[in-house]
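# Structural characterization, general
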Amino acid sequence: MNDITTILISPQKPINDPGFKFTWISTTYELKANLIARPRDCFIIDYSKVDHGFDFDKELFLSQASEFSAVQGLAFKINRGEPLVTLGSDFKMLNDEAHSQDIYRDGLERVPLYYLSKIAALDFITDTGVSIPVGNYGLPIAFSKLNLDYRKKRPALFLDRDGVINRDVGYVHKHEEIEYLESIFPIIELFNKRNWPVFVITNQSGVAQGMYSEEDVISLHKKMEVDLFKRNLVIKEWVYCPYHFEKGQGDFKRHSFTRKPGAGMALSLLEKHAIDVEKSFMIGDKESDNILIKGLNFLQVKGKYPYNEANSFCFDSFSKIQDYIQGKIV
Ligand SMILES: [Mg+2]
């Protein structure tokens, strides 16, 4: 990371960020001249175009971005009727579409934050600014307004619900349908003991389909929280996605990046808590639990969904996942 130059275009005011040295360049023309004279990888924030009220984990962004030759930061936004990026599973930006609140509840928007390798830099910097076109890569970033201290970030455990905490018997929504998968408990305990947060993120398209209500989901989660607490297990937050575009009805019939594999639920948690994403784990029983956050360690347990034992992230039991995580967090 030391050979990466951090560049602010048109800076309006310095920001307090001891971890990074900034090269102050006031115009894209000067930026380009500097890169021609001394080409190197760069990290660009165009502060002339962004709100100063947010912060993000810059170390994480640079680590995530270093695998790309050029990548643009993407922010998760509730619909404001602006263009939205569709992101492939390989983080390729597929297109920019103007979106309507009737169809899209939320989505990813481009922000003026870029990582450019020295090879790519000059291709994407023009006299008028920096632009990374569709077909290149984008990274969903959690932008926080809470002044999180990323120097104290902690690992977290993200859990799918059905098929991970309780048996997935299909559209589970009543407390009496809950049959706990007890071998997940020691994994929760590993994190609880270290005071590292555990979150549940669950797709609940049953809400969109009118099979049960949001109140049913919230009430069930409260009961599950009590059940787990009686076993000295603490879930810090339960987050669900009630939207489904194809099967949904009414207000819930909308595209949402909160629906996994979209990363919206995790991003909303990363906006509130300083999490060390690259030391965190997401456990699910379905390929779609592999959410679009680069660097987050996905582990799939064998359940009722397609499972490829040739994949290094697939495990046929929770005890093997537990062994794997224990080996990583010592
Ligand atoms: Mg599941």
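The rules behind each value
- Residues numbered from 1 in each chain as written.
- Predicted model: local features only at pLDDT ≥ 70, side-chain atom pairs only at ≥ 80, totals over all residues.
- Helix = DSSP H or I, 4+ residues; strand = E, 2+ residues; numbered from the N terminus.
- Buried ≥ 20, exposed ≤ 12 C-beta atoms within 10 Å, placed from the backbone.
- Contact = placed C-beta atoms within 7 Å.
- Core = buried A, V, L, I, M, F, W, Y, C linked by C-beta atoms within 7 Å.
- Domains from an automatic or database assignment.
- Axes fitted to C-alpha atoms, helices over the stretch in contact; angles between N-to-C directions.
- Parallel < 35°, antiparallel > 145°, perpendicular 65-115°, else oblique.
- Nonpolar A, V, L, I, M, F, W, Y, C, P; charged D, E, K, R; others polar.
- Pairing = 2+ DSSP bridges.
- Expected span 1.5 Å × (residues − 1).
- Arc of directions from axis to C-beta.
- Right-handed = clockwise from strand over helix to strand, strands pointing away.

If you tally the helices and strands in the protein chain, you get 8 helices and 16 strands. Expressed as a percentage of its 330 residues, the buried residues of the protein chain come to 36%. Look at the contacts in the protein chain between residues 6 or more apart in sequence, and 70% of them connect residues 24 or more apart.

This paragraph deals with the nonpolar core. Judged by nonpolar contacts, the single largest core of 77 residues is most densely connected at L157, F158, L159, A266, I283 and I321. Per-element accounting of this core gives the leading share, 6 residues, to strand β7 (residues 106–116). Inspection of this core shows a minimum of three residues originating in each of domain 1 (5–141) and domain 2 (153–329). Discounting chain neighbours no more than four positions away, the residues touching A266 are F158, I201, I291 and I293.

Splitting the protein chain by domain gives domain 1 (5–141) and domain 2 (153–329). Just the C-alpha atoms count here: the centres of domain 1 and domain 2 sit 30 Å apart. At the interface, 15 residues of domain 1 touch 16 residues of domain 2. Every element with two or more residues in the side of domain 1 that touches domain 2 is listed here: α2 (58–65), β7 and β10 (137–141).

Time to look at the packing of helix α4 (residues 185–193) against helix α8 (residues 318–329). Helix packing for two helices is described by the angle between their axes and how far apart those axes are. Running from N to C, α4 and α8 point in directions that differ by 20°, and their axes come no closer than 9 Å. Taken together, α4 and α8 sit at an angle that is classed as roughly parallel. Contacts between α4 and α8 involve P186, I187 and L190 from the former and F318, I321, Q322, I325 and Q326 from the latter. Taken together, the residues of the contact of α4 with α8 break down into 6 nonpolar, 2 polar and no charged.

Let's shift gears to the sheet that holds strand β16 (residues 314–315). Read from one edge to the other, the open sheet built from 6 strands follows the order β13-β12-β11-β14-β15-β16, with strand pairing classed as parallel. The open sheet has two edge strands with one neighbour each: β13 (237–241) and β16.

The step from K260 to P261 runs through a cis peptide bond, and the omega angle for that step is 15°. Note on placement: P261 falls in the loop between β13 and α7 (264–270). A positive phi angle, near 65°, is found at N195, a position not held by glycine. Within the secondary structure, N195 is located in the loop between α4 and β12 (198–203).

Quick look at the pairing of strand β15 (residues 297–301) now. As paired strands, strand β14 (residues 281–284) and β15 are joined by 4 bridges and run parallel to one another. Across the sheet, M282 pairs through a bridge with F298, a residue of β15. As judged from the 2 bridges shared by β15 and β16, these two strands associate in the parallel manner. When the sheet's bridge partners are listed, V301 is paired in β16 with F315.

Its 12 residues place the ends of α8 16 Å apart at the C-alpha level, agreeing with the 16 Å of an ideal helix rising 1.5 Å per residue. Within α8, the full set of buried residues consists of F318, I321 and I325. Within α8, the buried residues cover an arc of 55° as seen down the axis, which keeps them to one side. Exposed and oriented more than 90 degrees from the buried face of α8 are S319, D323, Q326 and G327.

Taking 1.5 Å per residue, 17 residues should reach 24 Å; helix α6 (residues 214–230) reaches 25 Å between its end C-alpha atoms and fits that length. Downstream of α6 by a residue or two, N232 has a phi angle that is positive, lying close to 60°.

This part covers the environment of L94. The topology assignment puts L94 in strand β6 (residues 93–98). A C-alpha to C-alpha distance of 5.9 Å links L94 and G135, two positions 41 residues apart in sequence. Not counting the four nearest positions on each side in its chain, L94 is found in contact with T86, L87, G88 and V134.

This part takes up the pairing of β12. Buried residues dominate β12, accounting for 6 of its 6 residues. In the sheet, strand β11 (residues 157–159) pairs with β12 via 3 bridges, with the strands oriented parallel. Residue pairing for β12: F158 is matched across the bridge by F199. Read as a crossover between parallel neighbours, the route from β11 over α4 to β12 is right-handed.

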